[in-house]
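# Fold and geometry: a report
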There are 2 protein chains.
Amino acid sequence: MTDRVFNFYAGPATLPLPVLKEAKKDLLNYKGTGMSVMEMSHRSKDYAEIHEKATNLVHDLMGLSDEYKVMWLQGGASTQFYMAPLNLKQKNKPFEYVDTGRWSTKAIKEAKFYSDVTVVASSEDKNYSYIPKDISFSENAAFAHITGNNTIVGTEFHNWPDTPGDVPLVCDMSSNIMDQVIDPNKFGVIYAGAQKNIGPAGVTLVIVRKDLLNRVDENTPTMQKWSTHAKKDSLFNTGPCWAIYMCKLSLEYLKEFGGVKAMEQQNKKKANMIYDVIDHSDGFYKGHAEKDSRSWMNITFNLSSSELEEKCVAEASKRNLIGLKGHRSVGGMRASVYNAMSMEGVETLVEFLKKFQEDHQ
Amino acid sequence: MTDRVFNFYAGPATLPLPVLKEAKKDLLNYKGTGMSVMEMSHRSKDYAEIHEKATNLVHDLMGLSDEYKVMWLQGGASTQFYMAPLNLKQKNKPFEYVDTGRWSTKAIKEAKFYSDVTVVASSEDKNYSYIPKDISFSENAAFAHITGNNTIVGTEFHNWPDTPGDVPLVCDMSSNIMDQVIDPNKFGVIYAGAQKNIGPAGVTLVIVRKDLLNRVDENTPTMQKWSTHAKKDSLFNTGPCWAIYMCKLSLEYLKEFGGVKAMEQQNKKKANMIYDVIDHSDGFYKGHAEKDSRSWMNITFNLSSSELEEKCVAEASKRNLIGLKGHRSVGGMRASVYNAMSMEGVETLVEFLKKFQEDHQ
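Being a predicted model, the structure only gives us computed values, none of them experimental. (Residues numbered from 1 in each chain as written. Chains lettered and ligands numbered in written order. Predicted model: local features only at pLDDT ≥ 70, side-chain atom pairs only at ≥ 80, totals over all residues. Heavy atoms only, no water.)

## Re the interface of chain A and chain B
Reports often express the size of an interface as the amount of accessible area lost when the parts come together. Let me state the cut-off plainly: Any pair of residues with heavy atoms lying within 4.5 Å of one another is described as a contacting pair. Accessible area that two parts lose when put together, with a 1.4 Å probe and added across both, is what the buried area reports. One side-chain nitrogen of Lys or Arg within 4 Å of one carboxyl oxygen of Asp or Glu is enough to make a salt bridge. Two N or O atoms form a polar contact when they lie within 3.5 Å of each other; inside protein one atom must be a possible hydrogen donor and the other a possible acceptor, and for residues adjacent in sequence the pair counts only when both atoms belong to side chains. By the criteria applied, helices consist of DSSP H or I runs no shorter than four residues and strands consist of E runs no shorter than two, each listed in order from the N terminus. Residue polarity is assigned by list, with Asp, Glu, Lys and Arg as charged and Ala, Val, Leu, Ile, Met, Phe, Trp, Tyr, Cys and Pro as nonpolar; anything else, Gly included, falls into the polar class.
Across the boundary between the two partners, chain A contributes 62 residues, which contact 62 residues of chain B. Taking both partners together, chain A and chain B bury about 4900 Å²; carbon and sulfur atoms supply 59% of that area. When the buried area of chain A at its contact with chain B is split by residue, L28(A), M38(A) and E39(A) rank highest and sum to 15% of it. Inspection of the chain A/chain B interface yields 2 salt bridges. Taken together, the connections running from chain A to chain B amount to 23 residue pairs in polar contact (both at pLDDT 80 or more). If you list the elements that add at least two residues to the side of chain A that touches chain B, you get α1 (17-25), α3 (76-88), α4 (102-111) and α6 (241-257) of chain A. For the side of chain A that touches chain B, the element with the highest residue contribution is α1(A), accounting for 6 residues. Of the residues contributing to the side of chain A that touches chain B, the split by class is 27 nonpolar, 24 polar and 11 charged.

## Brief notes about helix α7 (residues 259-279) of chain A
Residues and elements named next belong to chain A. Which entries qualify depends on this criterion: Helix span, expected: 1.5 Å multiplied by one less than the number of residues in the helix. Only protein chains enter the accessibility calculation, which uses a 1.4 Å probe; a residue is then buried when its area is under 20% of its type maximum, exposed when over 50%, and partly exposed in between.
The end-to-end C-alpha distance of α7, which contains 21 residues, comes to 30 Å, matching closely the 30 Å that a straight helix rising 1.5 Å per residue would cover. Of all the positions in α7, only G259, V260, M263, E264, Q266, N267, K270, A271, I274, Y275, V277 and I278 are classed as buried. As for α7, its buried residues are in contact with α2 (45-62), α6, β11 (286-287), β12 (298-302), β14 (333-336) and α9 (343-360).

## With respect to the domain arrangement of chain A
Residue and element names in this part refer to chain A. Rules: Throughout, the edges of the domains are those of an automatic or database domain assignment.
Taken domain by domain, chain A comprises domain 1 (18-256) and domain 2 (258-360). Its C-alpha centre places domain 1 at a distance of 27 Å from the equivalent point of domain 2. Every contact between the two is made by 30 residues of domain 1 and, on the other side, 25 residues of domain 2. Summed over both sides, the interface between domain 1 and domain 2 buries roughly 2300 Å², with carbon and sulfur atoms accounting for 51% of that surface. Interface area lost by domain 1 to domain 2 is led by I152, D179 and L254, which between them contribute 21%. Two residues, K126 and E290, come together in a salt bridge whose shortest N-O distance is 3.9 Å. Applying the counting rule to domain 1 against domain 2 returns 20 residue pairs in polar contact (both at pLDDT 80 or more). Breaking the side of domain 1 that touches domain 2 down by element, the ones donating at least two residues are β6 (149-150), β7 (155-156) and α6. Considering each element in turn, the side of domain 1 that touches domain 2 owes the most residues, 3 residues, to α6.

## Structural notes on the pairing of strand β12 (residues 298-302) of chain B
All names here are of chain B. Put simply, the rule reads: Two strands are counted as paired when DSSP detects at least two bridges linking them.
Counting buried residues along β12, 4 of its 5 residues qualify, which places the element largely inside the surrounding structure. As paired strands, strand β11 (residues 286-287) and β12 are joined by 2 bridges and run antiparallel to one another. Bridge pairing links K286 to N302 in β12. Across 4 bridges, the pairing between β12 and strand β14 (residues 333-336) is antiparallel. Each bridged residue has a counterpart across the sheet, and for I299 the counterpart in β14 is A335.

## Observations concerning the relation of the copies chain A and chain B
Put simply, the rule reads: Least-squares fitting of one copy onto the other uses the C-alpha atoms of those residues that reach a pLDDT of at least 70 in both copies.
For the pair chain A and chain B, the best superposition has an RMSD of 0.0 Å and corresponds to a rotation of 180° with a translation of 0.0 Å parallel to the axis. A rotation of that kind, with that shift, is consistent with a two-fold axis. With an isologous cut-off of 70% or more, the 100% of interface residues of chain A that recur at the interface of chain B puts this contact in the isologous class.

## What to know about the packing of aromatic side chains
Keep this limit in mind: Ring pairs shown here join Phe, Tyr and Trp side chains whose ring centres sit within 6.5 Å, with only the six-membered ring taken for Trp; geometry is labelled stacked below 30 degrees between planes, edge-to-face above 60, and tilted in between. In this scheme, the term charge over a ring applies when either NZ of a lysine or CZ of an arginine sits within 6 Å of the ring centre and within 35 degrees of the ring normal.
The final tally for this structure, using the stated rule, is 24 aromatic pairs over all chains. Over the aromatic face of Y130(A) sits the side chain of K126(A), whose NZ or CZ is 5.8 Å from the ring centroid.

## Side note on the sheet that holds β11(A)
In a beta sheet, neighbouring strands are held together by backbone hydrogen bonds and run either parallel or antiparallel to one another. Residues and elements named next belong to chain A. The line we're drawing: Interaxial angle, 0 to 180 degrees, is taken between N-to-C directions of lines fitted to C-alpha atoms, where a helix line uses only the stretch in contact.
Here we have 3 strands laid out as an open sheet, ordered β11-β12-β14, and antiparallel in their pairing. Two strands close off the open sheet at either side, each with one partner strand: β11 and β14. Sheet contacts for α7: β11, β12 and β14; angle to β12, the most-contacted strand, approximately 10°.

## Re the nonpolar core
Inclusion rule: Buried Ala, Val, Leu, Ile, Met, Phe, Trp, Tyr and Cys residues form a nonpolar core when they are joined through side-chain atoms within 4.5 Å.
Counting residues in hydrophobic clusters, the biggest one holds 128 residues, and the most contacted among them are M178(A), W242(A) and M178(B). Setting aside chain neighbours within four positions, we find W242(A) in contact with A23(A), L27(A), S36(A), V37(A), M38(A), L27(B), M38(B) and W242(B). Core analysis: the next-biggest nonpolar cluster, separate from the first, contains 56 residues, Y97(A), V206(A), F81(B) and A111(B) among them.

Printed below as a string of structure tokens:
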């Protein structure tokens, strides 16, 4: 497909080409049903099959036991910022958060509507350029919250903190869900907007350990309770069927690829190819994140001036390398290389960055 | 397209074929951008254009003045069931609801979390087979709420009630948005899940008169406030971009068709063709709704036995007439003939129903 670009957007982001081709093929007539998936009743047998397969693929790929409930919800991680504390609060217990940047800060803001929040660790002192080490949560917390990957500053957890006693660890994995093998049993709740690693925008994957579904005050508006959606397998009301279908296709692709382990290996390789260019550029490119906190998903770096950065983004764009501008709040450049970014895309970017340095040094 | 069926599902429902064809054509490469709309950053120029056009089309097609804010939210009408009362509540003022069936009842349940609810009119006494007349709201209400169309029982408002003073009328138009010309100035708030008349599942159109955006207590979780989304033109967080894109295509189709007025004429014609079969069947088919309350969108009827109904649904299905089974809570049959259902589909259904009667009388 020579007319496709390499899309380094931070999300919504590139999807695997075979997934898009499959969606296109069946768009007017899904598997002989005579209709598009977009036109199917969410109560129909054909849609139910898609829905169930998508859910089973999450269990399978992440190695989730039956102790966990997989849900497909709406409203993005921003909605889980309030749903998590609302559903997990306990009388006289504070929430404990790690602040690793913008998304943590936003999550903390919403949590404060439901209880006191203690920030137990933060990297704000160094412009969020690292993941705090030796994080320690207290036994009295209703839950502990971390942001798995930080798209804006380009840092990521690779070692997951422990929580004491039965304090559940809650993680926003929007931008690194299934980018690496994790032990799911470490987590009480994992939530992730789909639009970076597992599908298009419009659906949020929410995984909750089943015992935690009972914490919520029954006297809560129906749609705000995880238990509502859990009881009905995410079919309490009409869900975002098309987005879930796209997640199914994308997860099937991941499985065929070899699963999360194979993807983790490719992700490390892809990220290291770009970090190598940065580290061997004699300071022409300066990485933002500290080395041991580097994200495999969002590679953030600066050039010597914002003019040169702009030029670099513009020239990359001419070579079909799209979306390399840093987040508007921090500037610089950012290459988002989610699961669906191909090796070819990364190779092309690496060649371009080397050439750009040669031409502008 | 001989391999397409006629889809009478109550929603998600059939979409216009030219809309699906357009979506298919551009699925791998939208207008030369080299990417799918599903892969575009929600902050990109290309997506911004789609988003704005969709919003402008709603204004244009519904004749909305600048006094109204059009928003694209997530979570379905079920989420608006709590968001409307939460955003509109006023101290010591009750909410007033008209109960015309399941969806009203669900809305009332959520409203009770925020204030006292008075049901000022109900058709529960006759199995919700009619729309109450001479509805009277009181001046003291924070707002008045109606359900525009009732998918399960097949009734619809064609004369919209007045509200006294400055009491805003709030309407759930999920299943009849843009099926008829309305005077939007009668309404304070209109909300509608897209998946029946204007697009696929996964996005909810919410229209709020701007002065009502200021009622909400600022001390409310960010995502629960309409004002959050209004201020950012529904781009506070990543929205359901693909679903909004499909709405844009579908609304463009409606505009080319001649707008809501032309669609209303066709809707009346389509509905009457089916009601005529019922009314001239000598009781073989029995319509559920009283004649002056009949929905143009969902035509509900019974045969003499559930066995015969099952047979009718099964035989229709063999002729590619899909989704004619009544809602599981009431049984019988239901033909949902939303804006996108073609005349050809209705003609085929009418012929089938006549023939089925001949064969089984």
